[in-house]
Amino acid sequence: IMLHSYSGSLESLKSLLKLGTVGKERIYFSFSQFVNGRSSKFVEVIKHVPDDRILVESDYHNLESIDAQMDEVERLVASAKGWSAEKAREASYANSCEFFGL
């Protein structure tokens, strides 16, 4: 399960993660700068998402801006998690591969 541009509360996130095997091993939380980057709760929510459950997306309508949107959401995730941008990119890639079974 991937929760697209997850915009739920921290309390909802914690409840979802308590769903046993489903919550801990099957739910991924995807974030985009376009949707989530404007939210005041974004940083607090990201801090509580398990490192191996974070996905990023552009969720943007202009193809010419997708790379910039992806860079920005990776930067936001890195900042929230206290990671380097490279670590955020590597984690997102590894999680994407796991999610899609690659």
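This write-up is about the structure you can find in this document. This one's a predicted model, so the numbers in the text were calculated from it and none came from an experiment.

Parameters at a glance
Residues numbered from 1 in each chain as written. Predicted model: local features only at pLDDT ≥ 70, side-chain atom pairs only at ≥ 80, totals over all residues. Heavy atoms only, no water. Helix = DSSP H or I, 4+ residues; strand = E, 2+ residues; numbered from the N terminus. Buried < 20%, exposed > 50% of the residue type's maximum accessible area, 1.4 Å probe, protein only. Contact = heavy atoms within 4.5 Å. Areas by Shrake-Rupley, 256 points an atom, 1.4 Å probe, with all protein chains shown as cover. Axes fitted to C-alpha atoms, helices over the stretch in contact; angles between N-to-C directions. Parallel < 35°, antiparallel > 145°, perpendicular 65-115°, else oblique. Nonpolar A, V, L, I, M, F, W, Y, C, P; charged D, E, K, R; others polar. Pairing = 2+ DSSP bridges.

Take the overall build of the chain next. Counting secondary structure elements, the chain contains 6 helices and 3 strands. Secondary structure elements in the chain, listed N-terminal to C-terminal, are β-α-α-β-α-α-β-α-α. Per-residue burial for the chain yields a buried fraction of 36% across its 102 residues. Nonlocal contacts in the chain, meaning residues at least 24 apart in sequence, comprise 71% of its contacts between residues at least 6 apart. Put simply, the chain shows about 6000 Å² of open surface, and 52% of that area lies on carbon and sulfur atoms.

This paragraph deals with the packing of helix α5 (residues 66-81) against helix α6 (residues 85-100). Each pair of packed helices gets described by two things: the angle between the helix axes and the distance between those axes. Running from N to C, α5 and α6 cross one another at 105°; their axes reach a closest spacing of 8 Å. Judged on the interaxial angle alone, α6 and α5 are roughly perpendicular. Packed against α5, whose contacting residues are Asp71, Glu74, Val77 and Ala78, the element α6 presents Ala85, Ala88 and Arg89 at the interface. The class makeup of the residues in the contact of α5 with α6 is 4 nonpolar, no polar and 3 charged.

This next bit is on the sheet that holds strand β1 (residues 2-3). Strand order in this open sheet of 3 strands is β1-β2-β3, and the pairing throughout is parallel. Pairing within the sheet leaves two strands with one partner each, and these edge strands are β1 and β3 (54-56). Across 3 bridges, the pairing between strand β2 (residues 28-31) and β3 is parallel. Paired with phenylalanine 31 across the strands is valine 56, a residue of β3. Sheet strands touched by α5: β2 and β3. Its angle to β3, the strand with the most contacts, is close to 155°.

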